[in-house]
Amino acid sequence: MQYKFEVEGGNFSKAGTASSEVKKILNQLNVDYKLIKRIVVALYEAEVNIVAHANKGIIDVDIDTERIKLVLNDSGPGIPNIEKAMEAGFSTATQKVREMGFGAGMGLPNIKRNADILNISSETGKGTSVEIIVFLKP
Ligand SMILES: Nc1ncnc2c1ncn2[C@@H]1O[C@H](COP(=O)(O)OP(=O)(O)OP(=O)(O)O)[C@@H](O)[C@H]1O
Ligand SMILES: [Mg+2]
């Protein structure tokens, strides 16, 4: 099964829409709630990162019996140093983003903890691609 969601940069009122849709889908598929929690937390953090740090993005969701694959592609500033960005507490969030309650620098470490596989690639000045895989079978 495949689904596609659009994400608007800067629009915090819609942040989390895709994650809650995916949560509904996984509930309907009777996926184990512990897996749903991991998947939705990882997706939410990646979705909010597009809202907070990029201009716009597309989320592609692909579910089969073995795994769920989430690919988030955005156009935006990109991440110049991915290793640094992965560190707990590292954030370039603006004052405006911090006022919305984000910018602790915990999103990427949280994605890493909840994903079975995480791949990030980025081109500075162009955008970022985040791939998250969670296995649905033990
Ligand atoms: N999609 C993205 N586009 C551009 N930069 C990004 C993107 N995602 C993350 N980053 C960069 O990586 C940093 C760390 O991201 P992370 O999600 O860990 O923290 P944060 O978003 O700043 O704060 P938090 O997620 O705790 O609210 C960000 O501050 C930003 O510099
Ligand atoms: Mg974040």
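Further up the page is the structure itself.
Residues numbered from 1 in each chain as written. Chains lettered and ligands numbered in written order. Predicted model: local features only at pLDDT ≥ 70, side-chain atom pairs only at ≥ 80, totals over all residues. Heavy atoms only, no water.

1. Considerations on the overall build of the chain
Secondary structure summary: the chain contains five helices and five strands in total. Computed over the C-alpha atoms, the radius of gyration of the chain is 14 Å, within 12% of the 14 Å expected from 2.2 N^0.38 for a compact globule of 138 residues. Principal-axis analysis of the C-alpha atoms places the extent of the chain at approximately 40 × 30 × 25 Å. Taking all 138 residues of the chain together, 43% fall into the buried category. Partitioning the intrachain contacts of the chain with sequence separation of at least 6 by distance along the chain shows that 63% fall at a separation of at least 24. (Helix = DSSP H or I, 4+ residues; strand = E, 2+ residues; numbered from the N terminus. Rg over C-alpha atoms; globule rule 2.2 N^0.38 Å. Buried < 20%, exposed > 50% of the residue type's maximum accessible area, 1.4 Å probe, protein only. Contact = heavy atoms within 4.5 Å.)

2. Comments concerning the site of ligand 1
Near ligand 1 you find 20 residues, and of these H53, S91, T92, G103 and M106 are the closest. Backbone polar atom of A104 to an oxygen atom of ligand 1: 3.2 Å apart, as the coordinates give it. Burial of ligand 1 by the protein chains amounts to 93% of its free accessible area of 590 Å². Those elements that place two or more of their residues in the shell around ligand 1 are α2 (33-53) and α5 (107-114). (Near = heavy atom within 4 Å. Polar contact = N/O pair within 3.5 Å; in protein donor to acceptor, adjacent residues only side chain to side chain. Areas by Shrake-Rupley, 256 points an atom, 1.4 Å probe, with all protein chains shown as cover.)

3. Regarding the environment of D116
Structurally, D116 is set in the loop between α5 and β4 (117-123). Look at D116 and you get partly exposed, because its relative accessible area is 38%. Each C-alpha atom of the pair D116 and V31 lies 16 Å from the other, and the pair is 85 residues apart in sequence. Apart from residues lying up to four places away in sequence, D116 is in contact with R38, I133, V134 and F135. A distance of 3.1 Å separates polar atoms of two side chains, one belonging to D116 and the other to R38.

4. Section: unusual backbone geometry
Glycine aside, residues mostly have negative phi, and peptide bonds are mostly found in the trans state. Positive phi outside glycine occurs at N30, with the angle close to 60°. Here N30 is to be found in the loop between α1 (17-28) and α2. On the basis of relative accessible area, N30 is assigned to the exposed category, the value being 67%.

5. Points about the side chain of R67
Here R67 shows up in strand β3 (residues 67-75). R67 gets classed as buried once you look at its relative accessible area, which sits at 18%. Not counting the four nearest positions on each side in its chain, R67 is found in contact with D62, I133, V134, F135 and L136.

6. Section: the nonpolar core
The biggest cluster of nonpolar side chains holds 39 residues, and the ones touching the most others in it are I39, I68 and I132. Those elements giving two or more residues to this core turn out to be β1 (2-8), α1, α2, β2 (56-63), β3, α5, β4 and β5 (127-135). For this core, the element with the highest residue contribution is α2, accounting for eleven residues. I39 has contacts with V22, L26, I68, L70, V134 and L136, leaving out every residue within four places of it along the chain. (Core = buried A, V, L, I, M, F, W, Y, C linked by side-chain atoms within 4.5 Å.)

7. Things to note about the sheet that holds β5
Pairing in this open sheet of five strands is antiparallel, and the strands run β1-β2-β3-β5-β4 from one edge to the other. At either margin of the open sheet sits one strand with a lone partner, and together these are β1 and β4. Here the strands of the sheet are splayed against their neighbours by 10° on average, with no regard to which way each runs. Sheet analysis places β4 next to β5, joined by seven bridges and oriented antiparallel. Bridge pairing in β5 places I117 opposite I133. Where α2 meets the sheet, its contacts fall on β1, β2, β3 and β5, and the angle it forms with β3 comes to roughly 5°. (Pairing = 2+ DSSP bridges. Axes fitted to C-alpha atoms, helices over the stretch in contact; angles between N-to-C directions.)

8. What about α2?
The terminal C-alpha atoms of α2 lie 30 Å apart, and with 21 residues this matches the ideal 30 Å at 1.5 Å per residue to within 8%. Measuring from the side-chain oxygen of the N-cap residue of α2 to the backbone nitrogen of K34 gives 3.0 Å; that N-cap residue is D32. (Expected span 1.5 Å × (residues − 1).)

The analysis is restricted to geometry; functional conclusions fall outside its scope.
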